Amino acid sequence: QASHAQHKAHLQEVEQLREAKFEHDAQRLVGLKGSIDHIDKQIGSANELKKKKLQKLCKEREERKQELLAQGLNPYEVFRREDMEAERLKEKEKVANLTKSRVDSIRGQLAEDERLYQKARKEEANRKAIAEEALKKTGNVGQNEKAAAYIRKTSIGKKDVLDPTGKMVHIDASKVTVHKSNAFGLGGARPEEIEKVGRDVRAASVKLAKSRPPRPTTAEEDGLKPLDSA
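Conventions and cut-offs
- Residues numbered from 1 in each chain as written.
- Predicted model: local features only at pLDDT ≥ 70, side-chain atom pairs only at ≥ 80, totals over all residues.
- Heavy atoms only, no water.
- Helix = DSSP H or I, 4+ residues; strand = E, 2+ residues; numbered from the N terminus.
- Buried < 20%, exposed > 50% of the residue type's maximum accessible area, 1.4 Å probe, protein only.
- Contact = heavy atoms within 4.5 Å.
- Areas by Shrake-Rupley, 256 points an atom, 1.4 Å probe, with all protein chains shown as cover.
- Patch = residues over 30% accessible without salt bridge, like charges linked within 9 Å, V, L, I, M, F, W, Y side chains within 5 Å.
- Salt bridge = Lys/Arg side-chain N within 4 Å of Asp/Glu carboxyl O.
- Lys, Arg positive; Asp, Glu negative; His and termini not counted.
- Charge placed at Lys NZ, Arg CZ, Asp CG, Glu CD.
- Phe/Tyr/Trp six-rings, centres within 6.5 Å; stacked < 30°, edge-to-face > 60°.
- Lys NZ or Arg CZ within 6 Å of the ring centre and 35° of its normal.
- pLDDT = per-residue confidence, 0-100.

1. Describing the overall build of the protein chain
Check the secondary structure of the protein chain and you find 5 helices and 0 strands. Each helix and strand of the protein chain, ordered N terminal to C terminal, gives the series α-α-α-α-α. For the protein chain, the proportion of its 230 residues judged to be buried stands at 7%. Contacts in the protein chain between residues far apart in sequence, at least 24 positions, make up 12% of those at least 6 positions apart. For the protein chain, the accessible area works out to roughly 20,600 Å², and carbon and sulfur atoms hold 58% of it.

Structure representation (structure tokens):
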């Protein structure tokens, strides 16, 4: 009994869905027919206007034809010249519009090229400014490193900064740098003083060796020519 009731309810639901779909399709057909009728009406109105306009032109031409005949002129020859002139003007207008379109296109392209050129110039200027700033910073870093290396080399305790606190009003170079004092040679020189004098002596020896002319060979000292030059 329960299954029969469920089956009946299912059939009713199917029937309702079928009716709903039929109603939906019917409404679509009605709407489509309405659209077609509206389009047909628009086409009919356009054709009617075109027909009336053509009839008006034919009537005006016929009236003008009679006027030309009354003047002793050939209306067909007059109409032919007028049609040719109208076609010439139409073609002239077409060429003018095409020329204007091309000129506008060229102007637009030139404007775009100028925009890209200015953009490229700006980007290049920015890159150049960044490179110059980086080079300037690199140069400053190099100078700072050289100054720090010199201070480490000549200062007592090999420090980079002579006054880290910044409280000293005047820095006495004799007190913060390594130099040859009166105690040198008397056994009272500090180790860093001895090291500095040694470095100076070695540097002077190298400089002297580079500036001294080469020593002559034994043959040249005796006033003899070398064997390989004979």
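Back to the text.
2. Some details on a nonpolar patch on the surface
On the surface, Leu 29, Leu 32 and Ile 36 cluster together into a nonpolar patch covering about 300 Å² of accessible area. Note that Leu 32 resides in helix H1 (residues 2–70).

3. Some remarks on a negative patch on the surface
There is a patch of like negative charges on the surface, built from Glu 60, Glu 62, Glu 63 and Glu 67. Looking at the element boundaries, Glu 63 is found in helix H1. The exposure class of Glu 63 is partly exposed, given its relative accessible area of 44%.

4. Quick word on the packing of aromatic side chains
Given two aromatic rings, one states the distance between the centres and the angle between the planes to describe the pair. For the structure on display, the rule yields 0 aromatic pairs. Note that Arg 61 overlies the ring of Phe 79, its terminal NZ or CZ placed 4.2 Å from the centroid.

5. Examining the pattern of salt bridges
All chains considered together, the criterion is met by 11 salt bridges. The partner of Asp 83 in a salt bridge is Arg 61, and the shortest N-O contact between them spans 3.6 Å. Of this pair, Asp 83 sits in helix H2 (residues 75–154) while Arg 61 is found in helix H1, placing the two residues 22 residues apart along the sequence. Residue class for Arg 61 comes out partly exposed when judged on its relative accessible area of 38%. Through salt bridges with shared partners, a single network forms among Glu 77, Arg 80 and Arg 81.

6. Things to note about the side chain of Lys 65
Its place among the elements puts Lys 65 in helix H1. One buried charged side chain, Lys 65, makes no salt bridge at all; its nearest oppositely charged neighbour is Glu 62, positioned 4.4 Å away. Not counting the four nearest positions on each side in its chain, Lys 65 is found in contact with Pro 75, Tyr 76 and Phe 79.

7. Things to note about the confidence of the model for the protein chain
Residues at a pLDDT of 70 or more form 63% of the protein chain, whose mean pLDDT is 76. Per-element confidence in the protein chain ranges from a low mean pLDDT of 52 for helix H5 (residues 218–221) to a high of 85 for H2.

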